[in-house]
Amino acid sequence: MTYRDPQYTNGYEFAQGSGYTLPRYAFVTPPELAPGGRPGRYPVVVVGAGLTGLTLACRLAQLGVPTVVLDEDDTVGVKGASSRGICYTNKSLEIFDRIGIFDRIKARGVEWHVGRTFAGHDEVYAFDLKTRNDFRLSQQPAFINIQQFYIEGFLVERLGELQGVDLRWRSRVSALRRNTAKGAELEVQTPEGSYTLHADVVVDATGSHTPFHQWCEVPVTQVKREDRWCIADVRFTHRPPTERHTWLEAPFNDDRAVWQHLMADDVWRIDYQMAPDADPEYVSRQDVLHERLVRQFGPDVQYETVWVGPYSYRSLCVEHMRVGSVFFAGDTAKLVSPFGARGGNTGVGDADNLAWKIAAVVHSGAPRRLLHTYHHERHEAARTNVRVTARTTRFLRPHDPAEWLFRQAVVSLAKQHPLGRALVNTGRMAEANPYTASPLCDPLNPHAGTTVQNVPLRWANGQTDSLNQLLQWAGHHPVVLWFGPLSGPRAATLRACAQAHGAYAVQVLPNLPGGNQTCRELVLDARQRLRQACHAMQADWAVLRPDAYLAATGHGNTQALAQALARTNGHALSTTP
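Since this is a predicted model, take the numbers as computed values, not measurements.

If you had to explain the overall build of the chain to someone new, which residues and values would you point to?
Of regular secondary structure, the chain possesses 15 helices and 26 strands. For 577 residues, the compact-globule formula gives about 25 Å, and the C-alpha radius of gyration of the chain, at 25 Å, lands near that figure. Dimensions of the chain, computed from C-alpha atoms along their principal axes, come out at roughly 75 × 70 × 45 Å. For the chain, buried positions account for 58% of its 577 residues.

The structure is reproduced here in structure tokens:
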């Protein structure tokens with residue numbers, strides 16, 4: 001079969017505007033197609049070089065796992081499409097900081113923290129993310145807005161700086177020939193011919209139109225939404241406020257919903273809800289967009305259209321995020337409506353969760369059943385995000401008279417009373433999903449399975465750092481944080497217990513003890529921010545996973561610590577995957 005250029009729609013349709021100029025990456029002949037080449041075998045093959053696949057590849061590169069990434073395109077983003085994902089959460093930004101691209105995102109993107117919701121001309125809800133406790137300790141902000149293709153481009157740059165990942169463009173997986181718990185066989189098409197790859201693990205991050213669903217016979221729950229939107233990326237001469245503005249009933253859009261966000265390059269993303277029977281070609285015309293902008297901003301509005309096009313969406317969730325050696329991640333595992341930025345951010349979380357588990361199996365002899373906990377944890381996240389966004393969808397476009405009556409009552413109440421404002425649902429903003437039933441986390445600790453913020457800290461030698469750097473130092477190993485002083489024998493016992501379970505032990509003190517302290521296993525936490533972030537103010541120790549999730553806390557019982565570490569590394573799991 002000959003290679004054909006793919007169709008880049010993915011729910012978007014190119015309409016009008018100057019569009020975005022995306023980088024192009026060259027096809028390089030793989031070793032399998034070189035003279036004398038043979039089918040290659042790799043620990044991991046990632047299919048799809050989008051946001052999720054590239055994040056996973058970068059984390060695997062940092063953790064020393066040789067990886068091949070295949071993508072049928074030759075660029076980032078989607079050709080002829082809009083900015084796509086634009087809003088990145090605190091947890092995603094912390095992951096990008098660990099990868100090494102946060103500074104690039106911060107320099108290019110736009111930080112925001114105020115959101116306002118209007119019904120007609122009345123403001124019915126507002127929030128300021130700077131007041132949220134779940135962000136206040138972190139080195140990263142609550143949100144940064146930036147076009148998705150920028151982040152994907154930064155990830156490609158980062159892969160060029162790291163080692164161990166072979167990124168292959170214009171390479172389409174055309175068949176999955178074999179898929180068992182021990183490995184899979186893929187057929188890959190390229191402009192120069194086809195070849196075979198063998199992989200211990202295959203991660204499908206190709207998106208919602210993936211053929212892997214059919215190849216793996218994985219059940220998929222899917223709902224097509226009737227809601228239609230017109231997305232406009234525009235650059236104004238006079239800048240609106242750098243805030244997230246949402247209208248439930250916008251007078252300038254026939255009393256339908258509107259979203260307004262600022263992105264990088266002074267480009268505003270404005271999403272207009274359309275009538276269910278709206279003609280996609282008509283609503284995306286430049287003259288129709290102009291009329292809409294004049295109604296919103298006045299007759300003197302001056303702007304440049306970067307991109308405009310229609311958008312519709314559906315929700316999707318696989319029932320199994322692992323089938324044999326194939327793992328589903330990002331939009332391949334779930335699709336959600338765009339309200340609340342729960343799409344791309346969930347894919348970033350998928351990648352971070354799976355990467356350290358693969359590395360633990362490859363490098364530390366962790367049981368292979370550890371990989372199945374990816375399904376336990378990330379399927380819970382997927383189902384939660386589908387459910388939360390579905391509720392928002394029904395609030396924005398009620399399905400029946402009862403739902404319309406409920407929304408009218410909420411809006412009326414919100415205009416007069418604070419109680420009603422909490423019920424206004426224009427998108428519950430994405431957050432780091434907790435793992436409430438993870439077999440790797442202490443089931444008796446209510447905080448186990450929650451994320452730990454990237455707090456600042458200082459090593460005993462005076463070097464200023466953060467929790468992310470501590471986790472980078474530990475690699476794919478869990479970290480035991482011991483809060484407070486330790487006697488010499490007690491410290492030796494702690495280190496021995498951690499080492500026996502493949503973990504690193506770090507002592508955390510509020511002040512520097514006497515003597516010349518240069519020990520790498522000692523950090524200073526003068527304001528006890530690390531202890532707060534771990535919910536360990538009354539505990540002696542905490543166990544952190546490599547993905548900055550809390551596994552357990554406890555008191556000075558070495559046996560309890562050993563049990564927590566065995567659980568975190570998967571050694572306490574049952575033999576059934």
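Tell me about the environment of Asp279, residues and numbers included.
Mapped onto the elements, Asp279 comes out in the loop between strand 15 (268–274) and helix 6 (280–283). A relative accessible area of 43% means that Asp279 is categorised as partly exposed.

Outline helix 1 (residues 51–62), supporting the account with residue identities and numerical values.
Helix length check: helix 1 (12 residues) gives 17 Å between terminal C-alpha atoms against 16 Å at 1.5 Å per residue, within 8%. The buried fraction of helix 1 amounts to 11 of the 12 residues, a majority that puts the element mostly inside the structure. Taken residue by residue, helix 1 has Leu51, Thr52, Gly53, Leu54, Thr55, Leu56, Ala57, Cys58, Arg59, Leu60 and Ala61 as its buried positions. Just downstream of helix 1 lies Gly64, where phi reads positive at about 75°.

Help me get a handle on the packing of aromatic side chains, residues and values and all.
Following the criterion strictly, the structure yields 17 aromatic pairs and no others. For the pair Phe236 and Phe297, a centre-to-centre distance of 4.7 Å together with 55° between the ring planes defines the contact as tilted. Of the two residues, Phe236 sits in strand 12 (residues 220–236) while Phe297 sits in helix 7 (residues 286–297), which places them 61 residues apart along the sequence. By relative accessible area, which is 11% here, Phe236 ends up buried. Through successive ring pairs, a cluster of aromatic residues spans Trp112, Tyr125, Phe127 and Phe143. Directly above the aromatic system of Tyr272 lies the positively charged group of Arg292, at a separation of 5.1 Å from the ring centroid.

A description of the layout of surface pockets should follow, citing residues and the corresponding values.
Within this model, the second largest pocket holds a volume of roughly 370 Å³. Taken together, 22 residues line the second largest pocket, and the ones lying closest to its centre are Asp134, Ala432, Thr450, Thr451 and Gln453. For the lining of the second largest pocket, the secondary structure elements donating two or more residues are helix 2 (90–99) and helix 14 (529–533). By residue number, the principal contributor to the lining of the second largest pocket is helix 2, which donates 3 residues. In terms of residue class, the lining of the second largest pocket is built from 7 nonpolar, 10 polar and 5 charged.

Break down a nonpolar patch on the surface for me, citing the residues and quoting the values.
On the surface, Leu413, Leu419 and Leu423 cluster together into a nonpolar patch covering about 280 Å² of accessible area. Along the chain, the position of Leu423 falls in the loop between helix 11 (418–421) and strand 20 (456–459).

Residues and numbers for helix 4 (residues 148–161), please.
Along its 14 residues, helix 4 runs 20 Å from first to last C-alpha, staying within 8% of the 20 Å computed at 1.5 Å per residue. Most of helix 4 is tucked away: 11 of the 14 residues are buried. Gln148, Phe149, Tyr150, Ile151, Glu152, Gly153, Phe154, Leu155, Val156, Arg158 and Leu159 are the residues of helix 4 that are buried. The inward-facing, buried residues of helix 4 abut helix 1, strand 3 (87–89), helix 2, helix 3 (102–108) and strand 8 (165–169).

So, how was this worked out
Residues numbered from 1 in each chain as written. Predicted model: local features only at pLDDT ≥ 70, side-chain atom pairs only at ≥ 80, totals over all residues. Heavy atoms only, no water. Helix = DSSP H or I, 4+ residues; strand = E, 2+ residues; numbered from the N terminus. Rg over C-alpha atoms; globule rule 2.2 N^0.38 Å. Buried < 20%, exposed > 50% of the residue type's maximum accessible area, 1.4 Å probe, protein only. Expected span 1.5 Å × (residues − 1). Phe/Tyr/Trp six-rings, centres within 6.5 Å; stacked < 30°, edge-to-face > 60°. Lys NZ or Arg CZ within 6 Å of the ring centre and 35° of its normal. 1 Å grid on protein atoms, 1.4 Å probe; cavity = no way out; pocket = protein on both sides within 12 Å on 5 of 7 lines; lining within 4 Å. Points joined across faces, edges and corners; volume = space filled by probe spheres on them. Nonpolar A, V, L, I, M, F, W, Y, C, P; charged D, E, K, R; others polar. Patch = residues over 30% accessible without salt bridge, like charges linked within 9 Å, V, L, I, M, F, W, Y side chains within 5 Å. Areas by Shrake-Rupley, 256 points an atom, 1.4 Å probe, with all protein chains shown as cover. Salt bridge = Lys/Arg side-chain N within 4 Å of Asp/Glu carboxyl O. Contact = heavy atoms within 4.5 Å.

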